[in-house]
Amino acid sequence: MKKLLFILIAFLAFANGDAQILDPAKWTTKIEKKSETNYILTFDAIIEKDWHLYSQFTVEGGSLPLEISFKNQKGNFNLVGKAKESKTTTAFNDIFEVNETYFEKKAQIQQKITITNPKITKIEVNLNYQVCKEACINIEKNFSFTIPAGSKTAEVTTLATDLTTIDSAKVDTAVVNTDVNKAQSVTPEKVPVLDSKSSKQRGLWSIFFIAFLSGFAALLTPCVFPMIPMTVSFFTKQSKTKAKGIRNAIIYGIAIIFIYVVLGFLVTWIFGADALNALSTNVWFNIIFFILLVTFAASFLGAFEIMLPNSWANKVDNQADRGGIIGILFMALALAIVSFSCTGPIVGTLLVEAASKGGIAPIIGMFGFSLALALPFMLFAMFPGWLNSLPKSGGWLNTVKVVLGFLELALAFKFLSNADLVLQLHFLEREVFLAIWIAIFGTLAFYLFGKITLPHDSPMNHISVGRLSFGLVVLAFTIYLIPGIWGAPLKLISGFPPPMTYSESPYGVGNSKGGTNASALILPDGAHLGPHDLIAFEDYEKGLAYAKSVNKPILLDFTGYACVNCRKMEDYVWSDPAILKILQDEVVLISLYVDDKRELPKSEQYVSKETGKEIVSVGNKWSDFQITRYKANAQPYYIVLDTEENMLSDKPESYNSDINAYKGWLREGIDRFKKAR
């Protein structure tokens, strides 16, 4: 009854702030008797949609693996082998750059044991695991199995749920602080979050936009562009009236869109959304895509032609002569087949990229591509007089094809880089990747300036102003890439090359500690060099003592080694020059890692008065410190304190990618500290 009352009070306390202590995995357990001494312990979890629960076999360096601890094992029972797991999924995490293994929708874990003490009646088990969606939550649960006397199987339920810590980014959380241990009371307020639905919509819009541009690029290839006047003339002759011509043109355009959208639908239907989403992290698929794109690039550069059998085109062309809507549909199919040697590589690349996004992205991609491809045919059929304004077919069409070939080649190495990152082979580190791109785009610039010719190029006495202008843009981009080898961030192409940490020189060529004199710094007692070589403390008391000695406010940072959004804040917000200068000069940074597994000395271990949990590790200590003092459990979680441990800002801050907002929040606390001095 008291426990129920506590839960009700806690709920009311957080209700106004939209707080959410999430528990996405619901567990049931059972014990099955196999013989007089052998039993199987089974843990079954139902996992909420879109959440991942990480396996005990996921690799180090990423999200936290499941840990199973048997509290009363010694002298009572032995484990028979490692705990077995149900089906898992493996995917690459581009923040931690490791291949992670996790459960989706449901999980089952079974552990076989042999009883050695016949007097034992209960088996105590602790599960420590992490579940992630846009956020990550670290959870501990205790289970108690009662050994059945006569029956073979007994159902058991969770007896205790301990600490839950949340890595929040897109999950609504609230902040409630009480006047405990000198912490000031603040009004609950909703932390700024990113909406996952809108994020997915932006991803689909980007796929549509890229596909639409790809459709226009396909129009400017030798296989498609000359067909515009030919096809439009055909429809003009077949249409006895202007109204009928417009109608046929619209039907023809819709037929083109229909064919390509059906292609996108088939890809999604055959492979499924989950399988498509896994393509971007599967080693073999990335290698296959690399080979595929290199083949397409070679075709565009003139090494050979990728052609569908002529018999296909002839059969479809014969069907087009039937007239009516069926005939128009076959005309659209004939266009797709005849132009395949040019559109095939573009469509293939587009499907590869869209497939890696999963869901309906291939359908959206094909719609955007076909819409751009169909529009000119429709418009010129409606207004035949516009055909006179089209430029004549010529060598410029092959130039477009070659440029697309270079772009295909550059994109191919992105897929090879994905495979290398997953396997952690370090063959295609950042410097090597950038060197390849510099070579590709540098060669493209020479080609555009007429210094290199390829097999199908026409003789050229001069270059056009348009070609010269585009060549200068490519040359400028090539020069922009060069400093990246020496450590420049290259934000314009962020996400394409491997990250800075995946390189021969993480701080840039010739720099052992980036652009700072960090190696010459004399660090205060208990401090170390944190992100961006910031002086940071991982012990609260030592950091507080140092802040008093230098009379500076404290930036208290509750974080975690496996906190994705903590790394995002450090990489994208703290790296901003204005923020970095504040962190370097005006505050003392104390970073407390709630998932630090180092065991505390026995004399420092205790049972939390707030949660009832045994505090045995450094991470347990800082997590309990956050919950007890600030009644919050989200990471990242930032508080500005004075040297008397009073909060200086109106509210704490969580994940917030708005640099100006974060700067204003910091400035508010620091200015209050200065006024109080």
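Scroll up to find the structure this text is about.
Here is what the cut-offs are and how they apply
Residues numbered from 1 in each chain as written. Predicted model: local features only at pLDDT ≥ 70, side-chain atom pairs only at ≥ 80, totals over all residues. Heavy atoms only, no water. Pairing = 2+ DSSP bridges. Helix = DSSP H or I, 4+ residues; strand = E, 2+ residues; numbered from the N terminus. Axes fitted to C-alpha atoms, helices over the stretch in contact; angles between N-to-C directions. Contact = heavy atoms within 4.5 Å. Buried < 20%, exposed > 50% of the residue type's maximum accessible area, 1.4 Å probe, protein only. Polar contact = N/O pair within 3.5 Å; in protein donor to acceptor, adjacent residues only side chain to side chain. Phe/Tyr/Trp six-rings, centres within 6.5 Å; stacked < 30°, edge-to-face > 60°. Lys NZ or Arg CZ within 6 Å of the ring centre and 35° of its normal.

Points about the sheet that holds strand β13 (residues 527–529)
Right, on to step 1. Reading across the sheet, the 5 strands line up as β13-β14-β16-β15-β20 and stay open at both edges, with mixed pairing between neighbours. Each of the sheet's edge strands pairs with one partner strand only, and the pair in question is β13 and β20 (637–641). Within the sheet, the average angular offset between the axes of one strand and its neighbour, ignoring direction, is 35 degrees.
Right, on to step 2. Pairing geometry for strand β15 (residues 554–559) and strand β16 (residues 588–593), over 6 bridges, is parallel. Following the sheet pairing, Asp557 is matched in β16 by Ser591.
Right, on to step 3. Contacts from helix α14 (residues 540–550) reach β14 (535–537), β15, β16 and β20, with the element oriented near 175 degrees to β16.

A short note on unusual backbone geometry
Right, on to step 1. In this structure, Asp533 is a non-glycine residue whose phi angle is positive, near 60 degrees.
Right, on to step 2. Among the secondary structure elements, Asp533 is positioned in the loop between β13 and β14.
Right, on to step 3. Of note in the backbone geometry, Glu645 takes a positive phi value of approximately 70 degrees without being a glycine.
Right, on to step 4. Examined against the element boundaries, Glu645 turns out to sit in the loop between β20 and α18 (659–676).
Right, on to step 5. On the basis of relative accessible area, Glu645 is assigned to the buried category, the value being 13%.

Looking at the side chain of Ser370
Right, on to step 1. Checked against the element boundaries, Ser370 lands in helix α10 (residues 361–382).
Right, on to step 2. Within polar-contact distance, the side chain of Ser370 engages the backbone oxygen of Phe367 at 3.2 Å.
Right, on to step 3. In this structure, Ser370 is in contact with Ile256, Ile257, Tyr260 and Val261, ignoring residues within four places of it in sequence.

Points about the packing of aromatic side chains
Right, on to step 1. Under the criterion given, the structure shown has 24 aromatic pairs.
Right, on to step 2. On the basis of an interplanar angle of 40 degrees and a centroid distance of 5.3 Å, the ring pair of Phe537 and Tyr546 is categorised as tilted.
Right, on to step 3. Taking relative accessible area as the criterion, Tyr546 reaches 28% and is therefore assigned partly exposed.
Right, on to step 4. Linked through ring pairs, Tyr540, Phe558, Trp622, Phe625, Tyr630 and Tyr637 together constitute an aromatic cluster.
Right, on to step 5. Against the face of Tyr447 rests Arg467, its NZ or CZ located 4.9 Å from the ring centre.

Purely geometric numbers; function is a separate question.
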